[in-house]
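Notes for the structure review
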Amino acid sequence: MYYILKDFMDPNQIAMVGVLVAFILTFLGLKFPFPFLPVDQGREYAVNGALSKGKTRGVGLTFVCSFIISCILFMPMTREYVIYCILLFAMMLSGYLDDAAKTPWSDYKKGAIDLVLSIMTVITFLNFNSAVLYIGSMKFTLPVPVYFILAIILLWVSVNVTNCSDGVDGLCGSLCCVVIASFAVMFPIRLGDYVIASLLFVATLLAYLCFNSKPSSMLMGDAGSRALGFFIAILAMKSGHPVLYILLALMLIVDGGLGLVKVFLLRFLKIHILKNTLTPIHDHVRKNKDWSDTQVVFRFTILQVMFAVLAYVILTMI
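Residues numbered from 1 in each chain as written. Predicted model: local features only at pLDDT ≥ 70, side-chain atom pairs only at ≥ 80, totals over all residues. Heavy atoms only, no water.

Remarks on a nonpolar patch on the surface
A cluster of nonpolar side chains, contributed by Ile135, Met138, Phe140, Val243, Ile246, Leu310, Ile314 and Ile318, occupies part of the molecular surface with about 610 Å² of accessible area. At the level of secondary structure, the elements contributing two or more residues to the nonpolar patch comprise β3 (138-141) and α14 (293-317). By secondary structure assignment, the location of isoleucine 135 is in strand β2 (residues 132-135). With relative accessibility at 31%, the residue isoleucine 135 sits in the partly exposed group. (Patch = residues over 30% accessible without salt bridge, like charges linked within 9 Å, V, L, I, M, F, W, Y side chains within 5 Å. Areas by Shrake-Rupley, 256 points an atom, 1.4 Å probe, with all protein chains shown as cover. Salt bridge = Lys/Arg side-chain N within 4 Å of Asp/Glu carboxyl O. Helix = DSSP H or I, 4+ residues; strand = E, 2+ residues; numbered from the N terminus. Buried < 20%, exposed > 50% of the residue type's maximum accessible area, 1.4 Å probe, protein only.)

Here we look at the packing of aromatic side chains
In the structure shown here, the tally under the stated rule is 15 aromatic pairs. Aromatic side chains phenylalanine 23 and phenylalanine 27 sit 6.1 Å apart centroid to centroid with 20° between the ring planes, which places their arrangement in the stacked category. Note that phenylalanine 23 and phenylalanine 27 are positioned in helix α2 (residues 11-31) at a spacing of 4 residues, about one turn of the helix. Of the residues examined, phenylalanine 23 reaches a relative accessible area of 29% and is grouped as partly exposed. Exposure remark for phenylalanine 27: the relative accessible area of 29% places this residue in the partly exposed category. Ring geometry for phenylalanine 34 and phenylalanine 36: centres 5.2 Å apart, planes at 10°, overall stacked. Residue classification places phenylalanine 34 among the partly exposed residues on the basis of a relative accessible area of 38%. An aromatic cluster of at least three residues, connected via ring pairs, comprises Phe63, Phe67, Phe201, Tyr208 and Phe231. A cation over an aromatic ring shows up here: lysine 109 above the ring of tryptophan 105, its NZ or CZ 4.1 Å from the ring centre. Geometry around tryptophan 291 places arginine 299 over its ring, the cationic atom sitting 4.7 Å from the centre. (Phe/Tyr/Trp six-rings, centres within 6.5 Å; stacked < 30°, edge-to-face > 60°. Lys NZ or Arg CZ within 6 Å of the ring centre and 35° of its normal.)

Concerning the environment of methionine 91
Turning to its location among the elements, methionine 91 is positioned in helix α4 (residues 79-100). Taking the C-alpha atoms as reference, methionine 91 lies 7.5 Å from phenylalanine 230; in sequence the two are 139 residues apart. If sequence neighbours within four positions are ignored, methionine 91 has contacts with Asp114, Leu117, Val159, Arg226, Ala227 and Phe230. (Contact = heavy atoms within 4.5 Å.)

Some details on the pattern of salt bridges
Scanning the entire structure with this criterion turns up 9 salt bridges. Salt bridges here are not isolated pairs; linked through shared partners, they connect Lys214, Asp283, Arg286 and Asp293.

Some thoughts on helix α9 (residues 194-212)
Here α9 contains 19 residues, and its C-alpha end-to-end distance of 26 Å stays within 8% of the 27 Å for a straight helix at 1.5 Å per residue. Among the 19 residues in α9, 16 count as buried, and that is most of the element. (Expected span 1.5 Å × (residues − 1).)

Brief notes about helix α7 (residues 171-186)
Quick reminder: α-helices carry 3.6 residues per turn. Residues three or four places apart thus point the same way. Compared with an ideal rise of 1.5 Å per residue, which puts 16 residues at 22 Å, α7 spans 23 Å between its outermost C-alpha atoms and is within 8% of the ideal. Of all 16 residues making up α7, 14 are buried, and the element is well covered by its neighbours.

A short note on the state of the cysteines
Overall, the coordinates contain 0 disulfides when judged by the stated rule. The thiol sulfur of cysteine 85 is not disulfide-bonded, and the nearest other cysteine sulfur, from cysteine 71, lies at 5.0 Å. (Disulfide = S-S within 2.5 Å.)

Concerning the packing of helix α5 (residues 107-128) against helix α6 (residues 144-164)
Where α5 meets α6, the closest approach of the two axes is 9 Å, and the angle between their N-to-C directions is 130°. The orientation of α5 with respect to α6, classified from their angle, is oblique. Here α5 runs over α6; the crossing is right-handed. Between α5 and α6, the contacting residues are Asp114, Leu115, Ser118, Ile119, Thr121, Val122, Ile123, Phe125 and Leu126 on the first element and Val144, Tyr147, Phe148, Ala151, Ile152, Leu155, Trp156, Val159 and Asn160 on the second. Class assignment of the residues belonging to the contact of α5 with α6 gives a composition of 14 nonpolar, 3 polar and 1 charged. (Axes fitted to C-alpha atoms, helices over the stretch in contact; angles between N-to-C directions. Parallel < 35°, antiparallel > 145°, perpendicular 65-115°, else oblique. Left-handed = near helix turned anticlockwise from the far one by under 90°. Nonpolar A, V, L, I, M, F, W, Y, C, P; charged D, E, K, R; others polar.)

Some details on the pairing of β3
Sheet topology note: the β2/β3 ladder contains 4 bridges and is antiparallel. Directly across from isoleucine 135, in β3, lies its bridge partner methionine 138. Joining the antiparallel neighbours β2 and β3 is a turn of 2 residues, in which glycine 136 adopts a positive phi near 65°. (Pairing = 2+ DSSP bridges.)

Structural notes on the side chain of asparagine 212
Position of asparagine 212 relative to the elements: it lies in helix α9. Within polar-contact distance, the side chain of asparagine 212 engages the backbone oxygen of methionine 218 at 3.0 Å. Apart from residues lying up to four places away in sequence, asparagine 212 is in contact with Asp169, Gly170, Met218 and Leu219. (Polar contact = N/O pair within 3.5 Å; in protein donor to acceptor, adjacent residues only side chain to side chain.)

Quick notes on the packing of α9 against helix α10 (residues 221-239)
Contact pair α9 / α10: the axes reach a minimum separation of 11 Å and the direction vectors enclose 155°. With respect to each other, α9 and α10 are oriented roughly antiparallel. Between α9 and α10 lies a crossing whose hand is left-handed. Contacts from Tyr194, Ala197, Ser198, Phe201 and Leu205 in α9 reach Leu228, Phe231, Ile234, Leu235 and Lys238 in α10.

Here it is as C-alpha cells:
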C-alpha cells in the first residue's frame, strides 16, 4: 500500500496517515478486545496489585499486531525490517504465552527465550550494518564479537527493565512513548524509515493509554512490555548511539533495573542490597513516599523528558 500511496502523497503525508490508522486500528482492537485474552489474577506482593484482578491482560498482543500491520501498510519494508518484525512478534508472543499461562514461566525459561531472540536479532543487525558506534561526534569500530556481546546485553536489559516498569496504570506506556519519540527526534537521519516505525508505535501506545490510564480497564502484560523493550533496543542500535540508551531510557533502567540487580546479587552472590527499598522503584515511592499512582506516572515521565533533553545537550557538545 505504501508504494500505491507514494504516487500521489509525499512520505510525510503517508506517515501521518499511518499514525491515524495505527491509532484507530489499535483503539478499535482494544475497544472490542479479543475474547481469548487472559484475565489478570492480581499480585499480592505488589503495591495495589490486587486492584488489577479481573482486568483484561496481555493486550500487548493487540497493539503489537496493530503496529506490525500499520508498518506493512505505511512503510517501505526492507528485508532487515521484515526480520525485525518477525522477531518482535516472537518476543511479544513469548510474553503473551506467559500472560496466558496458568503457572507463570520461570525466569530461566524466559531468559533462554530472550537469549535466543537476542542472538538472532544481533546476527540480523550485523548482517545489514557495521559494528560501529558513536559517542557524540567520535566514531568507534568495535570488533564484531565485542559488538555482538554488548548488543545482546543491551537487548536483554531493555526487554527486562521495560517489563519490570509495567506495574502502575499508564507508567510503562507513557515512559516508552517518551523514549521512542526521543530516539526519533534526535536521530532522524540515521534512523531513516525507522522514524516512521517509531511514530506508528507511539500512535498504538497512545490508543492503549486511553484504556490504561488510571483507573485502567486493561493491561499490556508481558506481551506488550517485552515487545516494547525489544523495539527500543533496535532503535538504540540503528541510531548508532546505543550508549545514549542509558539516558534516553534512564527512568526505565532505574525503575526496573534496580530490582533486577538486587535479585541477581542475592540469588547468585548472596549479597543483599537495598534492604529497605522496594523494587521496582514505583512500588517504593508509592508505599514509602506516599506518592499516588498519578504522581508516579507524571513525575517519572517528566524526569524522563528532562533526561532526554540532557542527552541531546551532551550529544551536541561532544
